[in-house]
Amino acid sequence: MPLMPIKIDSALPAFSTLEKENVFVMADQRASTQDIRPLKIAILNLMPTKEVTETQLLRLLSNTPLQIDISLFRISGHVSKTTPKEYLKRFYRSSKAIYGEKFDGMIITGAPVEQLPFEEVDYWDEICRLMDYVKKNVFCTLYICWGAMAGLYHLYGIRKDVVQKKFSGIYYSKNVAPTDPLLRGFDDFFPVPTSRYTKIDTERILKEKNLVLLAQSPETGLTIAKSVDDRSVFMTGHLEYDTETLANEYFRDKKKGLRADIPVNYFTGNDPTKPVYSTWRSTAHLFYTNWLNYYVYQNTPYRLGDIN
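Bear in mind that the values here come from a model prediction, so they are computed numbers and not experimental data.

Trainee: I would appreciate a short explanation of the pairing of strand β8 (residues 161-175) in the present structure.
Mentor: Direction of pairing for β8 relative to strand β9 (residues 189-199): antiparallel, over a ladder of ten bridges. Among the inter-strand pairings, G169 is bridged to a residue of β9, identified as T194. Relative to strand β10 (residues 211-217), β8 is paired through two bridges, and the arrangement is antiparallel. Within β10, the position partnered with K174 by the bridge is Q216.

Okay, here's the thing in structure tokens:
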């Protein structure tokens, strides 16, 4: 079966980047001539490096025989310090525009605010309102890293724990639900790029009757959980990370004079002067393909208005 594209604005920097990688992307003009109902996927991008994060996610969402219509959103009222206003105005819509719309799927990314109590995040009220809205108006929502912890806290009252030493590197997680469609094709243990100061004890997931534990790490705690109705997926790692992402974070922190331990299971020979090789790329593509196919496409109503 030929691969179908993700549909994005041809002026978005990710468009030319992905084209050069032979990733099948389609501009609005061509997509409008196809007689097919694409999946509507919203990405609420909370990361400071929005262009990097959107490219990473779009690369993974493209690996499917489905046509996907992507909408990029930012938190309304929050002023970005790292992304130009012109860029946000051109390619992103305010989160307020989500209300009144329905989507087959949504991704809520991580954010560099994990060490703050949730209630001290300046957009906490807006993110809570949004999470309440998507429960009934998005067929399946994927929460990533801080987004996952925020979702588990707001929707289920599950708290996070702040750790003194940052988890940084490639940590192996155990697949505890190999028959679940989300983990179809996964190895018994699989690598997950991780970069955070927090963790969630898996016992808290197991005690919540409305959640299912899918994967866990002996070092970093919860890796993947889902709601029993399959409408929410929580991933605490960063499978979308590029090969060099953790290296860039490490050298950035060293340059700032911050404590920065060498990311585990990452640099060749644990030596930051040596190359890095991805060990998680196939896992990342499989995860996003499974999510789109089994948790969104196979079950979402044909008419978006029927989502409830």
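Trainee: Mind showing me how you'd approach the environment of A42 here?
Mentor: Looking at the element boundaries, A42 is found in strand β3 (residues 39-44). Placed 60 residues apart in sequence, A42 and K102 show a C-alpha to C-alpha distance of 9.4 Å. Ignoring anything within four residues of it in the chain, the contact list for A42 reads S71, F73, F103, G105, M106 and I107.

Trainee: Mind showing me how you'd approach unusual backbone geometry here?
Mentor: Even without a glycine there, the phi angle at C145 is positive, about 50 degrees. Mapped onto the fold, C145 is located in the loop between β7 (138-144) and α6 (146-156). C145 gets classed as buried once you look at its relative accessible area, which sits at 6%. A positive phi angle, near 60 degrees, is found at N270, a position not held by glycine. Within the element layout of this structure, N270 appears in the loop between α8 (245-255) and α9 (281-297).

What counts as what
Residues numbered from 1 in each chain as written. Predicted model: local features only at pLDDT ≥ 70, side-chain atom pairs only at ≥ 80, totals over all residues. Heavy atoms only, no water. Pairing = 2+ DSSP bridges. Helix = DSSP H or I, 4+ residues; strand = E, 2+ residues; numbered from the N terminus. Contact = heavy atoms within 4.5 Å. Buried < 20%, exposed > 50% of the residue type's maximum accessible area, 1.4 Å probe, protein only.

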